[in-house]
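So the chains spell out like this:
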Amino acid sequence: MATQTSTAASDAFYKQLGRMYGTYTGGFVAFIVLLGILEQIGVPNKILGYLFVFFTLAVYAIIGIATRTAQVSEYYVAGRRVPAFYNGMATGADWMSAASFVGMAGSLFLLGYDGLAWVLGWTGGFVLVSILVGPYLRKFGAYTVPDFLSFRYGGNFARFLGVIVLVCCSFTYVTAQIYGTGLIASRFLGMQFEIAVFAGLVGILLCAMLGGMRAVTWTQIAQYIVLIVAYLVPIIILSTQRYGIPIPELTYGAAIQEITAREQQLVKEGLAVLCTQQACPTGTLRPHIQPFMNYTPLNFFGIIFCMMVGTASLPHILMRYFTTPSVKEARDSVAWSLLFIFLLYFSAPAYAAFSKLEVYTNIIGRDLTTIRPWLFNWGELGLIQICGKNAASLQAVLDACKAIAGHPGVLRFQDFVINTDVIVLSTPEIAGLPYVISGLVAAGGLAAALSTADGLLLAIANALSHDIYYKMIQPLPEQRRHIVQGTVVAAIVLIVLWFLDQPFWFGIALRWWVLLSIAIPAGVVAFFWGSATEVGKRLIIARVLLFYVALCSAALAATKPSDILAMVGWAFSLAMAGNFPALTLGIWWKRTTTAGAIAGIIAGWGLCLFYLVTSRYFPQAGVTYFGMSSLLNPETGQALVNVSQVLADPKWLADVPASAANPLANKVGWFDLNNINCGLLGMPLGFLVIYVVSLMTKEPSKEMQAFIDEIRKPRGRTVLEEKV
Amino acid sequence: MVEPSQANTDAHWRATTRLMFTHLGIWLFFGYIIHMFVVPLNKIVIPVLGFPLGFYMAAQGSLIVFVVMLFLFAKQQNRIDREYGMAEED
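Keep in mind that what you see is a predicted model, and the values were worked out from it rather than measured.

With that out of the way, let us pick up the overall build of chain A. For chain A, the helix and strand inventory stands at 28 helices and five strands. Over its C-alpha trace chain A gives a radius of gyration of 26 Å, about what one expects of a compact globule, namely 27 Å for 724 residues. Projected onto the principal axes, the alpha-carbon positions of chain A cover approximately 80 × 65 × 50 Å. Considering only residue pairs separated by 6 or more positions, chain A has 81% of its internal contacts joining residues 24 or more positions apart.

Let's shift gears to the overall build of chain B. Helix and strand counts for chain B come out as three helices and zero strands. Helices and strands appear in chain B in the N-to-C order α-α-α. Relative to the compact-globule value of 12 Å for 90 residues, chain B shows a C-alpha radius of gyration of 19 Å, a clear excess of over 25%. Projected onto the principal axes, the alpha-carbon positions of chain B cover approximately 60 × 25 × 15 Å.

By a widespread convention, an interface's size corresponds to the accessible area lost as its parts come together. Across the boundary between the two partners, chain B contributes 36 residues, which contact 39 residues of chain A. When contributions to the side of chain B that touches chain A are tallied by element, the ones reaching two or more residues are helix H1 (6-31), helix H2 (38-42) and helix H3 (53-83) of chain B. Per-element tally for the side of chain B that touches chain A: the top contributor is H3 of chain B, with 16 residues. By residue class, the composition of the side of chain B that touches chain A is 24 nonpolar, 10 polar and two charged.

Ranked by internal contacts, the top residues of the largest apolar core, which has 243 residues, are Ala208, Leu227, Leu457 and Ile460 of chain A together with Leu70 of chain B. Residue assignment places this core across two domains, with domain 1 (4-110 + 119-275 + 297-353 + 431-558) and domain 2 (564-712) of chain A each supplying three or more. Counting eight residues, the second-largest nonpolar core is a separate cluster that includes Val623, Leu631, Val646 and Val668 of chain A.

Moving on, we come to helix H15 (residues 348-362) of chain A. Here H15 of chain A is 15 residues long and its end C-alpha atoms lie 21 Å apart, about the 21 Å a rise of 1.5 Å per residue gives. Burial within H15 of chain A is extensive, with 13 of its 15 residues counted as buried.

Residue and element names in this part refer to chain A. Considered domain by domain, chain A is made up of domain 1 (4-110 + 119-275 + 297-353 + 431-558) and domain 2 (564-712). One C-alpha centre belongs to domain 1, the other to domain 2; they are set 27 Å apart. Facing the 35 residues of domain 1 at the interface are 34 residues of domain 2. Broken down by secondary-structure element, the contributors of at least two residues to the side of domain 1 that touches domain 2 are helix H7 (116-140), helix H8 (145-152), helix H9 (156-189) and helix H12 (297-311). The dominant element in the side of domain 1 that touches domain 2, judged by the number of residues it contributes, is H9, at 11 residues. Partitioning the side of domain 1 that touches domain 2 into residue classes produces 26 nonpolar, seven polar and two charged.

Residue and element names in this part refer to chain A. Here helix H10 (residues 193-243) crosses helix H11 (residues 248-268) at 50°, and the two axes come no closer than 10 Å. Considered as vectors, H10 and H11 are oriented oblique to each other. Relative to H11, H10 is oriented so that their crossing is left-handed. Between H10 and H11, the residues in contact are Ile235, Ile236, Leu238, Ser239 and Tyr243 and Pro248, Thr251 and Ala254, respectively. Within the contact of H10 with H11, the residues separate by chemical class into six nonpolar, two polar and no charged.

Next up on the list: the confidence of the model for chain A. Summing up the model confidence of chain A, the mean pLDDT is 83 and the portion of residues at 70 or higher is 90%. Contacts for the low-pLDDT stretch residues 1-5 of chain A, under 50 throughout, to residues beyond four places or in other chains number zero contacts.

Let's shift gears to the environment of Leu457 of chain A. Residues and elements named next belong to chain A. Relative to the elements of secondary structure, Leu457 occurs in helix H19 (residues 435-473). According to the C-beta neighbour criterion, Leu457 is buried, with 27 such atoms within 10 Å. Here the alpha-carbon distance between Leu457 and Thr175, two residues 282 residues apart in the chain, equals 9.5 Å. Those residues in contact with Leu457, other than ones at most four positions away along the chain, are Val174, Ile204, Ala208, Leu546, Val549 and Ala550.

We now examine the environment of Leu446 of chain A. Residue and element names in this part refer to chain A. Position of Leu446 relative to the elements: it lies in helix H19. When the 31 C-beta atoms within 10 Å are taken as the criterion, Leu446 is described as buried. Put simply, Leu446 and Leu631 are 185 residues apart on the chain and 36 Å apart in space, counted from C-alpha to C-alpha. In this structure Leu446 touches Val53, Thr56, Thr181, Ile184 and Ala185, once residues within four positions along its chain are discounted.

Attention now moves to the packing of H1 of chain B against H3 of chain B. Each pair of packed helices can be described by the angle between their axes along with the distance between the axes. All names here are of chain B. The N-to-C vectors of H1 and H3 enclose an angle of 175°; their axes lie 11 Å apart at closest approach. What the angle tells us is that H1 and H3 run roughly antiparallel. Listed contacts from H3 to His12, Ala15, Thr16, Leu19, His23, Ile26, Phe30 and Gly31 of H1 are Ser62, Val65, Met69, Phe73, Gln76, Gln77 and Ile80.

Moving on to the confidence of the model for chain B. With 94% of its residues at a pLDDT of 70 or more, chain B has an overall mean of 89. Of all helices and strands in chain B, the one with the weakest mean pLDDT is H2 of chain B (89), whereas H3 of chain B scores best (94).

What follows concerns the sheet that holds strand S2 (residues 389-390) of chain A. Residues and elements named next belong to chain A. The three strands lie next to each other as S2-S1-S3, forming an open sheet whose pairing is antiparallel. Looking at which strands have only one partner, the edges of the open sheet turn out to be S2 and strand S3 (416-418). As judged from the two bridges shared by strand S1 (residues 384-386) and S2, these two strands associate in the antiparallel manner. Directly across from Ile386, in S2, lies its bridge partner Lys389.

For residues other than glycine, phi is negative in most cases, and the peptide bonds are mostly trans. Here Phe671 of chain A, not a glycine, exhibits a phi torsion of approximately 50°, which is positive. Following the sequence through the fold, Phe671 of chain A ends up in the loop between strand S5 (668-669) and helix H27 (679-696). Unusually for a residue other than glycine, Val48 of chain B sits at a positive phi of about 70°. Locating Val48 of chain B in the fold gives a position in the loop between H2 and H3.

This paragraph deals with the environment of Ala453 of chain A. Residues and elements named next belong to chain A. Checked against the element boundaries, Ala453 lands in helix H19. Given 33 C-beta atoms within 10 Å, Ala453 falls into the buried group. Once the C-alpha coordinates of Ala453 and Ser97 are considered, the two residues, 356 residues apart in sequence, prove to be 8.1 Å apart. Setting aside anything within four residues of it in sequence, one finds Ala453 in contact with Val174, Gln177, Ile178 and Ile204.

About the cut-offs
Residues numbered from 1 in each chain as written. Chains lettered and ligands numbered in written order. Predicted model: local features only at pLDDT ≥ 70, side-chain atom pairs only at ≥ 80, totals over all residues. Helix = DSSP H or I, 4+ residues; strand = E, 2+ residues; numbered from the N terminus. Rg over C-alpha atoms; globule rule 2.2 N^0.38 Å. Contact = placed C-beta atoms within 7 Å. Nonpolar A, V, L, I, M, F, W, Y, C, P; charged D, E, K, R; others polar. Core = buried A, V, L, I, M, F, W, Y, C linked by C-beta atoms within 7 Å. Buried ≥ 20, exposed ≤ 12 C-beta atoms within 10 Å, placed from the backbone. Domains from an automatic or database assignment. Expected span 1.5 Å × (residues − 1). Axes fitted to C-alpha atoms, helices over the stretch in contact; angles between N-to-C directions. Parallel < 35°, antiparallel > 145°, perpendicular 65-115°, else oblique. Left-handed = near helix turned anticlockwise from the far one by under 90°. pLDDT = per-residue confidence, 0-100. Pairing = 2+ DSSP bridges.

Printed below as a string of structure tokens:
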């Protein structure tokens, strides 16, 4: 075996992991201290910000390049040698996106108790991963989730459905991450949005393209360390300042009590109007700990359920557990993953509570001239508004409030509007910390967005290269293969051209983009193809496809599509409706047949997609033809929109799909079910259809049943043996 | 290495299924059922820390249960695998 020496070398590599990442963490802390010193001697903030971004990006890129690989199993599943503990960290980074890092605390600030649906939903799902799905897929020995569907459900049609579900739920998700990098860097470091997107794209490509899963794994661990340090440091300092104990998760209980007292005081002083069952218009105060003010109980528990089951169905998460050395370690690894994720999620409510206390005591109820100056930085960016205008400076605030008739000169609850992204990002300033800590938070947010983007991109590109190209196109007879290959190339060119037609340029002319997007992959192929072995060709295809997927999602992100953040929530419901019944029944019920699974995926996923698209983009048709009605206000129980009044308006008679202004969009549905919970309709239907159709069709063969027995036992070889 | 008998295979799977339902039950309780009683639970305030109990369970309590549960599950399932001779060789 030619790999003997490299195995010995990599054994040494695995033994040193602890020391390597220990040194890395030490180096990172030293880097923060160094930047802190630079700040003290007067280096401008902007330079510090850029240093943070480029230093961390460079480190990720170095790790990505250093761990490049030319082996198929290393490329797809990191050689199945990642220890449980480290895979847990990598999964943590894979899992926690820009939405978790920046958005979660903001949602909790805004929604109070109801926001905890997201905290619960995004943690409890790992229980399902471990007990129902993950370890069994590891035993099976797949490279991708569609691999399993194809083997269990008789071939390429099931594989193809699996790829469609995977691409649908992952592509919007990765676009949201790349969008997130642009957002963080532009808001926080004053970089131009498009340049930030582009820098993020380069970072992602350098990590994922050369080394596939292997490189992504080792980079994600590095990114986890950055993001968790960045998330915890400001809040620990703030907790120590306020309560003298550096454990914010314990001290914010006191903050919550103060918030509740302050809420009552504000209402009593007439500075806020309490949201009640009789009237709850926007701008009224919803007490922080009171449940079901923003979501009805059905939608609250629906979100928890969809996010949990979605977790156990998302391919980019499941495939992380393909990389462990054994089934036992896959289980241990899920537990470690949740522990590492938990560290961030149980701190997020503390961010929300401390910020809310600051806003309720030092901003609202204060005389306008004495409000705290940290908010002007954010007001300048349009993220904080007071009296309906951006709070760019004290003068702007005074002018805006003076324009309101009868304004008391004291800031009232309804005068203050904050963008939820500000909550995490502004905490260092609230605590009065130096800029270097703010830069650290930005680096953490970038790490969160990039690591998730890496994992998602790899999931999509692997499905395209492994499932579509290697498993479906390659085995075709030569002539048909050429036709398909030709069509695929033409389709890629068309898609790329379509994306390039979007109004984004990063300030660079169109022709350079066309050149870049065609020349780089073509150059790579031309240079390596002639001398490449079969394995080499497979990896070249994988890399070229990865490049195109990344380019397309960056291009889409740069157009700033309005629905992108909502789509992340949709991805969970779609994954849940499409994958969960087929995966779990495939493992837990031997009687599941090919016909049943295929019918179940189509029916469940189809219903979920239909509900989403209709209620978001074609609500008029939903009301007219499909019996949808207005959702209800959770507090007052009244309809959110007057449907018949809207339909009587000639302007909204027909559907206007692209218009976000459509007054019915996202506000109609069945059973008062928010469309983010469409999995709640799709998944049960999927289970039902699989059950009924399976019982109607012939029992799976003896071989298939023996195969199911095989994946249920940890012992023995993996079922699917790929040649390396 | 003796190939395990079908009876052994079935017994292993029964034990696995039982463990699965036990943990699914705990998951259901701490993921959903307990939060249905958030309003009465909020009347109880945790001493010293000051959290209302209903809020605390959703913000931290259930999360801690999930983490502990997963380590426990990994250990228990491993014990079952070993008992029936289904564990991987070390």
